[in-house]
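Structural features, examined
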Amino acid sequence: MKIIMLSPFSPYPPDSGGRIRQWELIRYLGCRHDLTLVFFINRGEEKILDGVFKGICSRVEMITHSGDTTPSGTQQLPWPMRAYGVEPMRNMLRNLSSNRFDLLIIDFIYMAQHRAIFDAPAVLHEHNIESSIFRQYSELPNVHETEIAGVRKDALFWKASWMLMRQYENRTWPEFDLRVTVSRLDQEDMDSRCPHGRTLVAENGVNTGEIRMLPISRSKNVLFVGTMNYFPNIDGALFMAQSIMPCIWRIDPGIRLCIAGKNMPRRILDLGADPRIDIINNPPDIRSVAADCSVSVVPLRLGGGTRIKILEAFALGLPVVSTAKGCEGLIVEDGQHLLIRDDPESFAAAVAAAVNDPDLSESLRMNGRRLAEERYDWQKIFESTEKSMLKLAMQV
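These lines cover the structure that appears in this document, whether it is placed above or below. (Residues numbered from 1 in each chain as written. Predicted model: local features only at pLDDT ≥ 70, side-chain atom pairs only at ≥ 80, totals over all residues. Heavy atoms only, no water.)

**Here we look at helix α12 (residues 358–374)**
Three or four residues apart is the spacing at which side chains of an α-helix point the same way, because the helix has 3.6 residues per turn. With 17 residues, α12 should reach 24 Å at 1.5 Å per residue; the first-to-last C-alpha distance of 24 Å fits that figure. Among the residues of α12, S361, L364, R365, N367, G368, R369, L371 and A372 are the ones counted as buried. Looking at where α12 begins, the residue whose side-chain oxygen comes 3.1 Å from the main-chain nitrogen of D359 is D357. (Helix = DSSP H or I, 4+ residues; strand = E, 2+ residues; numbered from the N terminus. Expected span 1.5 Å × (residues − 1). Buried < 20%, exposed > 50% of the residue type's maximum accessible area, 1.4 Å probe, protein only. Polar contact = N/O pair within 3.5 Å; in protein donor to acceptor, adjacent residues only side chain to side chain.)

**Considering the pattern of salt bridges**
For the coordinates displayed, the defined rule picks out 20 salt bridges. A salt bridge links R27 to E24, with the shortest nitrogen-to-oxygen separation between them at 3.2 Å. Within this pair, R27 and its partner E24 are both found in helix α1 (residues 17–30), separated by three residues, close to a single helical turn. With its nearest N and O atoms 3.3 Å apart, the salt bridge here joins D270 to R266. (Salt bridge = Lys/Arg side-chain N within 4 Å of Asp/Glu carboxyl O.)

**Examining the nonpolar core**
Grouped together as the largest cluster of nonpolar side chains are 101 residues, with contacts concentrated most on L6, Y137, L223, L257, I259, I268 and F314. Examining the composition of this core, we find that twelve residues originate from one element, helix α7 (residues 231–251), more than from any other. Counting residues in hydrophobic clusters, the runner-up holds 30 residues, among them M5, L25, F39 and L49. (Core = buried A, V, L, I, M, F, W, Y, C linked by side-chain atoms within 4.5 Å.)

**Details of empty space enclosed by the protein**
Evaluated as defined, the whole model comprises two cavities of 30 Å³ or more. Of the pockets and cavities examined, the largest cavity occupies roughly 60 Å³. Surrounding the largest cavity, 13 residues form its lining, P215, S217, G317, L318 and R365 being those nearest its centre. Considered class by class, the residues forming the lining of the largest cavity number eight nonpolar, four polar and one charged. Considering only enclosed or pocket space, the second largest cavity measures out at about 50 Å³ in volume. For the lining of the second largest cavity, the secondary-structure elements that each account for two or more residues are α1, β5 (122–125) and α13 (378–395). Looking at the lining of the second largest cavity, the element that brings in the most residues is α13, giving three residues. Across the lining of the second largest cavity, the residue classes break down as seven nonpolar, two polar and one charged. (1 Å grid on protein atoms, 1.4 Å probe; cavity = no way out; pocket = protein on both sides within 12 Å on 5 of 7 lines; lining within 4 Å. Points joined across faces, edges and corners; volume = space filled by probe spheres on them. Nonpolar A, V, L, I, M, F, W, Y, C, P; charged D, E, K, R; others polar.)

Now the structure itself:
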């Protein structure tokens, strides 16, 4: 099958949830089909991409972001989408469309504005529902004082962005023959708003063949990991450091917090002023950081889709304590695969128990790893998705 796949950003390096999912899908499809990949990059990213797609993609095309978020002809789009409708990208895609592709895959709704360029059955791959995230931003207390996605706006702005994006989703989703979501919750939302076409759930996963369980750690380090230019992760890290850790230290003063991820903003770096909090900015290998920790924490209060960070912790054999929002959409049981707590005091007590109770830690380790292998392995997930896409291409 001849496939073209469009992305709003580079799928490499696979150092965030969205990139990890993209990279695993590209590797899966690339070794089975003729895959053309098109995406935007930021200036300077060309060097790290040199040679990484060799043997995977038959063709790779990149457009460098211009920084212009209000290009001509796209004023009807919600504001975050305007940077992805620039003429250089449109011109490239028009030239590529002269090839006869069997299937078009668009990753994230930001690139859905290019669907009409291609005369091929189309799949929209939604990692989360963007309007839902904007709605959550509009409901934040004191949101006007909070920088999100590089802007500081009031609740009315985020409410307007939510409504505009919702309207755009409602108009755009019916243009796709197949829509892919990562959770049943997102599927139900999409189907309730778009009865046309088909919505398929392809859950997030983890490469259990490449990730080995870490040895048992008796350290008192707990790990928060995330891409730190994504506001739900910033909010989660601040909630952990400012509200949960004081409760933890009242139970066990020896427990330390490690916050690891890329693109740390100043407000996260400043948390390192507390000697009990370690900040690791842009770690080259998160697994080496995890090896020195005994628990993974996911204290998220915002977000969409499902958290790959939980699945990777399961694969590594790292016990997990999460909020209900943090593990939303995953088929997990509290007390068996992880501990689910929402208020700071209960979350703190669960972390202290997971750190200090070897029997509880071992039970969570083994059950989490088993679940990752049996339900959340990428190979199994993409095999089913591939069958649906092949069926779609053959119908045309």
